[in-house]
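# Chain and residue survey
Chain residues, written in single-letter form:
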Amino acid sequence: MNSFKKNLLKKRYNAERRFQWYGKIAIGLALTFLAVFMFQIFSKGYSAFQKTWIVTEVHYDKELLLIDAESPSKDDLENADYYDVAYKAMTSLDPGLPEEEDRQLIQMVSYKYETEVKDLLLKNPDFLGKIVPIKLTASDDVDQVHKGNYPRDIPEKNRRVNDYQLQIYDMLNERGDILSEFNISFFTSPDSREAELAGIASSFMGTVFSILVCLAFSFPIAVLAAIYLEEFAPKNKFTDFIEVNINNLAAVPSIVFGLLGLGVLLAVFNLPRSTPLVGGITLSLMTLPTIIIAARASLKAVPPSIREAALAMGASNMQTTMHHTVPLSMPGTLSGTIIGLAQALGETAPLILIGMVAFVNTIPGTPVDPAASLPVQIYIWSESAERGFVEKVSACIMVLLAFLILMNLAAQIVRHKFEKKWS
Amino acid sequence: MSKIKAENVNVYYGSKQALFDVSIDIAEKEVTALIGPSGCGKSTFLRCLNRMNDVIEICRVEGSIKMDNLELNSRKLDVVRLRENVGMVFQKPNPFPKTIYENVAYGPTIHGIAQSKEEMDQIVETSLKKAALWNEVKDRLDEIGTGLSGGQQQRLCIARAISVSPEVILMDEPCSALDPIATAQIEELIDDLKKEVTIVIVTHSMSQAARVSQKTGFFHLGKLIEFGPTDKIFKNPDNQQTQDYITGRFG
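Here the structure is a predicted model, which means the values were calculated and not measured.

## A word on the overall build of chain B
Secondary structure summary: chain B contains ten helices and ten strands in total. Rg of the C-alpha trace for chain B: 18 Å, near the compact-globule value of 18 Å for 251 residues, within the 12% margin. Dimensions of chain B, computed from the C-alpha atoms along their principal axes, are close to 55 × 40 × 35 Å. For chain B, buried positions account for 54% of its 251 residues. Sequence-distant contacts, at least 24 apart, represent 66% of the contacts inside chain B between residues at least 6 apart. Put simply, chain B shows about 11,100 Å² of open surface, and 48% of that area lies on carbon and sulfur atoms. Within chain B, one finds 30 positive and 34 negative side-chain charges whose respective centroids are separated by 3 Å.

Written out as structure tokens, the structure reads:
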């Protein structure tokens, strides 16, 4: 081999090696970004899954509760006055505190502490007249202090927790009366203005309903459209025009669909505002082209030999399509649907326009109840000033990601089953 | 006796003419082989016989093709009924990605041939036996048809084609994707089948045409150059072009 040829060969090997390195670097960069992103979210968000409680003692004093009956009924307990009892439970933490300063103690628990005092008695009527320990939800400021997210060394006037409250907190913490437990209420409570009470139940259900509505509207329409266009429609200028438009539709910014939902669904059809029904229909406008394109691609991918085989057996066009082509294209169609739904899952802009950004503190039971959705919830919380919401944002992102991963997993499993059956 | 009679068949793909005035008589319960170089129009002609050219939008067929005095090249013809009577086996084995049983039972199901499960089982068994596949698959009828070997798949396709008891079977180079042993099996099968059905086979292999057919037609550039008894075509053709092709001087 002469030296020219040798050099050429060496160059070719080097070029390939360089190319492989570019690829490795690209993948490495992508993975690094992903790792940083994940680390950010997890390190900020994991603490949201912990809830801080303040333990104190409550005396269910009949006189303070204004209960006269000897053996009070459920109604009596329901209608009793818990204000004083709850107030005393908190102020008993520091009996020496002058009355006009008591707000400082009350502020250490959530504003719902009176309800918590009431609920404990309703659950355990035999506590009446007794002194029992009770867990009260700590305010988000105490919660953040306990989680170490709140700097204690800044000047007192810039702090939402003052020195006195920190002192009480330290005392309670030393006594072991500050508890940290798994935050069930994050998953079971609707949104709240108070970070310590806010949960994702409303937005989670809103997302579930929206996705179901979206699936129910977009899947049948998209699949039928794809089958007609691919298998039956004549190939002419008009169908070409439709195809171009479907492809364009897939690239339309989602906020435009939001405007459409606002202008048509809310203004013309008067559907209930802020509901998953409207949100789902709006999102289905978005997923429709995605599913049509995926379904057409997978119909196209079915080998023509299968169609010929069926036609040559005397199957009609319809039988060929329904017995052979469509079942064979289903795995691809389903995965396209999942991709479309996953896009819809993360969509915020159109939902904001149709009013799903409203503050909703009830859990929706049907698709026509007002609701938020997970991405919108992230948006709402990220706008909030309280420190307690920072971890909630990350935690909500984690739930959204988990939702996505679960959906993809389900899609994979369904796809796998279909493919086993059909090839 | 003539089963299919084609007269002055012209086929166009858009503006390109693929067949020129083809006239041919296909005899009943015989094997007719169509030979010729690639692109000569033999497959196009074959696909006229069960109207598979309908699938190609730009394709236009002119002329008359009669099967038992029924005009095939007519708008009014019910292609579903026609294809029940004229089965087809393709170049590449194309069983449905379903079970072996479902593959054979598909035709009888859509044409409503079997009245009961027992009858269907019987049809599947007979078809597979006729296709010489029964002994190999009788214990695994519920396995996927595409899991069989190439030769078995092609015999499954033949079983599928004969499941609706057609009068004619069209074969478009049925052995070109198979090894010699599988080819021999299929040829044997063709020999058996011709007792009951009329077979038209397109083939690239002249030796195969010589082995299996009684009549042979030689196509070249869209024209039927010569048609006659296989013996005569191979031993003493009238046309110089046929002679050249047979002896391997071109094509």
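On we go.
## What to know about unusual backbone geometry
One non-glycine residue, Asn 270 of chain A, adopts positive backbone phi at about 55 degrees. Of note, the phi angle at Asp 21 of chain B is positive, near 45 degrees, even though the residue is not glycine. As for its placement among the helices and strands, Asp 21 of chain B is situated in strand E2 (residues 16-27).

## Regarding the packing of aromatic side chains
Two measures describe an aromatic ring pair: the distance that separates the ring centres and the angle between the ring planes. Residues and elements named next belong to chain A. Going through the model one piece at a time under the given rule, you end up with eleven aromatic pairs over all chains. With a centroid separation of 5.8 Å and an interplanar angle of 90 degrees, the aromatic rings of Phe 49 and Phe 186 are classed as edge-to-face. Of this pair, Phe 49 sits in the loop between helix H1 (3-45) and strand E1 (50-59) while Phe 186 sits in helix H9 (residues 185-188); the two residues are 137 residues apart in sequence, bridging distant segments of the chain. When sorted by exposure, Phe 49 lands in the same class as Phe 186, which is buried. On the numbers, 5.3 Å between centres and 80 degrees between planes, the contact of Phe 186 with Phe 187 is edge-to-face. What makes Phe 186 buried here is its relative accessible area of 0%. Assessed through its relative accessible area of 35%, Phe 187 is described here as partly exposed. One aromatic cluster in this structure is built from Phe 49, Phe 182, Phe 186, Phe 187, Trp 381 and Phe 389.

## What about the interface of chain B and chain A?
Between chain B and chain A, the contact holds 25 residues from the first and 19 residues from the second. Of the roughly 1,800 Å² buried between chain B and chain A, counting both surfaces, carbon and sulfur atoms make up 64%. Between the two partners, chain B and chain A, sit five residue pairs in polar contact (both at pLDDT 80 or more). Taken together, the elements giving at least two residues each to the side of chain B that touches chain A come down to helix H2 (79-85), strand E6 (86-89), helix H3 (100-110) and helix H6 (150-162) of chain B. Residue composition of the side of chain B that touches chain A, grouped by class: 14 nonpolar, six polar and five charged.

## A short note on helix H14 (residues 304-312) of chain A
Of all the residues in H14 of chain A, the buried ones are Ile 306, Arg 307, Ala 309, Ala 310, Leu 311 and Ala 312 of chain A. The inward-facing, buried residues of H14 of chain A contact helix H10 (201-232), helix H13 (276-300) and helix H15 (317-345) of chain A together with H2, E6 and H6 of chain B. Once H14 of chain A finishes, Gly 314 of chain A follows within two positions and takes phi at roughly 95 degrees, a positive value.

## A closer look at the side chain of Ser 373 of chain A
Mapping Ser 373 of chain A onto the fold places it in the loop between helix H16 (349-353) and helix H17 (374-383). Here Ser 373 of chain A is in contact with Ser 203, Thr 207, Leu 351 and Met 356 of chain A, once residues within four sequence places are set aside.

## Digging into the nonpolar core
Ranked by internal contacts, the top residues of the largest apolar core, which has 42 residues, are Leu 128, Ile 158, Met 171, Ile 190 and Ile 199 of chain B. With residues near it in sequence (within four places) discarded, Leu 128 of chain B still touches Ile 100, Val 104, Leu 133, Trp 134, Val 137, Leu 141, Leu 156 and Ala 159 of chain B.

## A short note on the sheet that holds strand E8 (residues 198-202) of chain B
Residue and element names in this part refer to chain B. With mixed pairing, the six strands of this open sheet are ordered in space as E6-E7-E8-E3-E9-E10. A strand with exactly one partner marks an edge of an open sheet, and here the two such strands are E6 and strand E10 (223-229). Adjacent strand axes in the sheet meet at a mean angle of 15 degrees when their direction is disregarded. Summarising the sheet, strand E7 (residues 168-172) and E8 pair through five bridges and their orientation is parallel. When the bridges of E8 are listed, Met 171 appears paired with Ile 201. Of the strands in this sheet, E6 and E7 are in contact with H6, which crosses E6 at around 170 degrees.

## Some points on the sheet that holds strand E1 (residues 2-13) of chain B
The strand order across the open sheet built from four strands is E2-E1-E4-E5 (chain B), with neighbouring strands paired in antiparallel fashion. Strand pairing shows two members of the sheet lacking a second neighbour, E2 and strand E5 (70-71) of chain B, which therefore form its edges.

Thresholds applied
Residues take numbers from 1 onward in each chain, read along the sequence in its written order. Lettering for chains starts from A, numbering for ligands starts from 1, and both go in the order in which the items are written. The predicted nature of this model means local features are confined to residues of pLDDT at least 70 and side-chain atom pairs, given and counted, to a pLDDT of 80 or more, with totals for whole chains, interfaces and linings taken over all residues. Computation of side-chain values covers all heavy atoms of the structure but excludes hydrogens and water. Think of it this way: any DSSP run of H or I at least four residues long counts as a helix, any run of E at least two long counts as a strand, and we number them from the N terminus. Based on C-alpha atoms, the radius of gyration is set beside the globule rule, defined as 2.2 Å times the residue count to the power 0.38. We call a residue buried when its accessible area falls under 20% of the maximum for its residue type, exposed when it is over 50%, and partly exposed in between, using a 1.4 Å probe and counting protein chains only. Two residues qualify as a contact provided that any one of their heavy atoms is within 4.5 Å of a heavy atom in the partner residue. Reported accessibility uses the Shrake-Rupley method at a 1.4 Å probe radius. Residues are deemed covered only where the shown protein chains occlude them. Residues scored as positive are Lys and Arg, those scored as negative are Asp and Glu, and His as well as the terminal groups of each chain are ignored. The location of each charge is read from NZ of Lys, CZ of Arg, CG of Asp or CD of Glu. Between rings of Phe, Tyr and Trp, where Trp is taken as its six-membered ring, a pair exists when centres lie within 6.5 Å; planes separated by under 30 degrees are stacked, by over 60 edge-to-face, and by other angles tilted. Put simply, buried area is the surface a 1.4 Å probe can reach on two separate parts but cannot reach once they are joined, added for both. Each polar contact in these results corresponds to two N or O atoms within 3.5 Å; when the atoms are within protein, one needs to be able to donate a hydrogen and the other to accept it, and residues that are neighboring in sequence are counted only if both atoms are side-chain atoms. Note on residue categories: nonpolar means Ala, Val, Leu, Ile, Met, Phe, Trp, Tyr, Cys or Pro, charged means Asp, Glu, Lys or Arg, and polar means any other residue, Gly included. Throughout this description, the term nonpolar core refers to a set of buried Ala, Val, Leu, Ile, Met, Phe, Trp, Tyr and Cys residues connected via side-chain atoms within 4.5 Å. Pairing between strands is defined by DSSP: at least two bridges between them are needed. What counts as an axis is a line fitted to C-alpha atoms, over the stretch in contact for a helix, and the angles between N-to-C directions run from 0 to 180 degrees.

Structural measurements only, silent on function.
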